[in-house]
Each structure stands twice: as structure tokens, then as C-alpha cells.
Amino acid sequence: MTDQSTNKDPSLLRSALVAAGVLALFGMIGVGLVASIASGTAKRIAENERLATLRNLHELIDEDTYDNDIFTDVTNVADLQLLGSRDPLPVYRARREGGPVALVMTAIAPDGYNGRIKLLIGIDYSGTVRGVRVLDHHETPGLGDGIELEKSNWILGFVDKSLTSPVKAKWAVRKDGGIFDQFTGATITPRAVVKAVRHALEYYELRRDQLFTVNPEIAK
Ligand SMILES: Cc1cc2nc3c(=O)[nH]c(=O)nc-3n(C[C@H](O)[C@H](O)[C@H](O)COP(=O)(O)O)c2cc1C
């Protein structure tokens with residue numbers, strides 16, 4: 001009886017090994033390519049997010065007024081009652097020569113007509129609002145969406161306001177005796193936003209120095 005394996009042509013075995021090697025090489029190149037494309041895409045997404053965040057921040061804080069890297073000078077804070085969130089929300093800090101200039105706080109108005117309204121609120125070190133923008137909401141188009149700057153100038157009504165101007169009782173929509181306009185047929189949305197901005201200012205007043213001094217956390 002003859003042993004079949006010893007009868008195999010060695011050149012066949014070599015060809016098979018070469019083919020397997022070529023396959024493995026292409027496999028490795030493929031995996032490497034996919035990994036490098038994925039890492040390039042992740043970097044591009046991160047950079048796009050950074051630029052979008054900076055665009056939002058610069059609507060509320062003039063770039064010329066600070067000299068630190070506001071995107072990485074972040075701390076995260078949570079307060080259910082005053083910021084509307086149990087989950088930490090980012091606070092971006094603007095400084096000049098190390099001194100505090102302003103903050104951009106994130107806050108949630110929990111009681112919009114259709115749920116949570118996410119806000120960015122720029123606040124001077126002195127506690128004066130530099131501006132407010134709506135980051136996310138589900139309010140009804142044509143009724144509650146006037147809080148978006150693209151739809152109306154209503155949100156600009158917060159500029160230069162503080163906890164003393166107007167006095168606390170006037171931090172309300174006109175229908176409730178305050179100074180802020182409501183929308184025709186839609187009081188719930190502006191009422192929720194006015195309350196959330198006032199609460200954020202109260203949070204700021206309570207924690208101002210802490211907000212500027214705690215160490216930066218990783219930007220999200
Ligand atoms: C389908 C529908 C959608 C509505 N969407 C909103 C809205 O997004 N924001 C809002 O303030 N009111 C909205 N309203 C109106 C409110 O129900 C409410 O009448 C209005 O805000 C006035 O509130 P007030 O009675 O507290 O002044 C909506 C009403 C309906 C029927």
C-alpha cells in the first residue's frame with residue numbers, strides 16, 4: 001500500500017501555501033484599510049461636532065472677549081430642579097488671561113408643550129444673559145417653534161437680562177404678569193423657556209465661583 005500524502009506534488013503544496021499567503025495579505029490590507037477609513041471618519045465627525053459646538057458658543061459669546069480654549073474648558077453639572085436634568089450637562093467656560101469672562105450653560109426646560117426643550121445660555125461673569133439659543137425641542141410647528149431664532153426673534157428678548165433686571169416677579173410671560181411675550185395661542189412653550197432661563201441664572205448665582213474653578217472635564 002502506498003502513502004497518498006507522500007505522493008503529493010510539492011509544487012502543488014507550495015502553490016497552495018502561496019495562495020493562502022496572498023489571501024491572508026489581502027485580508028490584512030482590507031482590515032487595515034477599513035480601520036484607517038473608520039478612524040479618519042471618526043476624526044472628521046469629532047471635528048465637525050467641535051466646529052458646530054463652537055459656532056453655537058460664538059453666537060452667545062464674542063470670540064474676541066476670551067483667550068482660552070472654550071471647547072475643552074468644560075465642566076459637567078446636573079441639577080434636576082434648576083437645570084432640569086439628573087444627567088450632567090456641559091458648561092463651557094470663557095476666560096481672559098486666566099480670569100473668568102463668561103459661561104455657556106446647557107439647561108433643559110422640562111415642561112414644554114411636547115416635552116423637554118434643550119437650551120444654551122450664555123451668561124456674563126456678572127450674571128447678565130448674553131444670549132439664549134434652543135438646541136433641541138419638539139414644540140408644535142407654527143405654535144411653539146417661535147422659540148427658534150430661525151422662526152422669530154423672541155429668543156433675543158433674553159439679552160442683557162439678569163436676576164435683578166427684571167425683578168424675579170417679572171421673569172414670566174405677559175399673561176402671567178411678566179415682561180416676556182407669549183405667542184398667539186401658545187403660552188406653554190415660552191412660559192417653559194422663561195422659567196428655565198431664570199432657573200439657570202439662579203443656579204449660576206449659587207455656584208458661580210465653583211463653576212469657574214473646578215477642573216476641566218473631557219468635552220462631550
Ligand atoms: C395640537 C395642539 C398643539 C399645540 N402646541 C402647542 C405648543 O407647541 N406650544 C404651546 O405653547 N401651546 C401649544 N398648544 C396650545 C396649548 O394647548 C395652550 O392652549 C396654549 O399654550 C395656551 O396656554 P395657556 O392656557 O396656559 O395660556 C397646542 C394646542 C394644540 C391643540
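Only a predicted model underlies this, so the values are computations on that prediction, with no experimental measurement involved. (Residues numbered from 1 in each chain as written. Predicted model: local features only at pLDDT ≥ 70, side-chain atom pairs only at ≥ 80, totals over all residues.)

Undergrad: Can you help me understand the overall build of the protein chain in this one?
TA: For the protein chain, the count of helices and strands is three helices and five strands. Put simply, the protein chain runs from its N terminus to its C terminus through helices and strands in the order α-β-α-β-β-β-β-α. On the principal axes, the C-alpha backbone points of the protein chain span a range of 105 × 45 × 30 Å. Among the 220 residues that make up the protein chain, the fraction classed as buried is 28%. For the protein chain, the share of sequence-separated contacts (at least 6 apart) that also reach a separation of at least 24 residues comes to 52%. (Helix = DSSP H or I, 4+ residues; strand = E, 2+ residues; numbered from the N terminus. Buried ≥ 20, exposed ≤ 12 C-beta atoms within 10 Å, placed from the backbone. Contact = placed C-beta atoms within 7 Å.)

Undergrad: Quick question: what am I supposed to make of helix α1 (residues 10-60) here?
TA: Along an α-helix, a turn takes 3.6 residues, which lines up residues three or four apart on a common side. Between its terminal C-alpha atoms α1 stretches 75 Å, which fits the 75 Å expected from 51 residues at 1.5 Å a residue. In terms of burial, α1 is largely open, as just two of its 51 residues are buried. (Expected span 1.5 Å × (residues − 1).)

Undergrad: Whenever I open this one, the site of the ligand confuses me. Can you help?
TA: Contacts to the ligand come from Tyr113, Asn114, Glu139, Thr140, Leu143, Gly144, Lys175, Gly185, Ala186, Thr187, Ile188 and Thr189. Counted by class, the shell around the ligand contains four nonpolar, six polar and two charged residues. (Near = placed C-beta within 6 Å. Nonpolar A, V, L, I, M, F, W, Y, C, P; charged D, E, K, R; others polar.)

Undergrad: How do you make sense of the domain arrangement of the protein chain when you look at a structure like this?
TA: Many authors give the size of an interface as the accessible area that is lost as the parts come together. Taken domain by domain, the protein chain comprises domain 1 (7-46) and domain 2 (64-213). Using C-alpha coordinates to define each centre, domain 1 is positioned 54 Å away from domain 2. (Domains from an automatic or database assignment.)

Undergrad: What's the story with the environment of Leu149 in this structure? I'm lost.
TA: For Leu149, the location among the structural elements is in the loop between β5 (129-136) and α3 (188-213). Apart from the residues lying within four places of it in its own chain, the contact partners of Leu149 are Arg133 and Ile155.

Undergrad: For this particular structure, what's the right way to read the sheet that holds strand β3 (residues 99-112)?
TA: Pairing between the strands of a sheet is mediated by backbone hydrogen bonds and can be parallel or antiparallel. With antiparallel pairing, the five strands of this open sheet are ordered in space as β1-β2-β3-β4-β5. Strand pairing shows two members of the sheet lacking a second neighbour, β1 (74-79) and β5, which therefore form its edges. Taken pair by pair, the neighbouring strands of this sheet meet at an average axis angle of 25 degrees, ignoring direction. In the packing of α1 onto the sheet, contacts are made with β2 (85-96), β3, β4 (115-124) and β5, and the angle to β5 comes to roughly 145 degrees. Docked against the sheet, α3 engages β1, β2, β3, β4 and β5, running at close to 145 degrees with respect to β3. (Pairing = 2+ DSSP bridges. Axes fitted to C-alpha atoms, helices over the stretch in contact; angles between N-to-C directions.)

Undergrad: What's the story with unusual backbone geometry in this structure? I'm lost.
TA: One can expect most non-glycine residues to show negative phi and most peptide bonds to be in trans. In this chain, Ser165 is followed by Pro166 through a cis amide linkage whose omega measures 10 degrees. In this structure, Pro166 sits in the loop between β5 and α3. Not every positive phi belongs to a glycine, and Glu97 is a case in point at roughly 45 degrees. By the element assignment, Glu97 lies in the loop between β2 and β3. Exposure remark for Glu97: the 8 C-beta atoms within 10 Å place this residue in the exposed category. One non-glycine residue, Asp160, lies in the positive phi region at around 75 degrees. One can find Asp160 in the loop between β5 and α3.

Undergrad: Sorry if this is basic, but what is going on with the environment of Gln182 here?
TA: Locating Gln182 in the fold gives a position in the loop between β5 and α3. Taking C-alpha positions, Gln182 is 9.5 Å from Gly144, a pair spaced 38 residues apart along the chain. When near neighbours in sequence (up to four residues on either side) are disregarded, Gln182 contacts Val173, Arg174, Lys175, Thr187 and Pro190.

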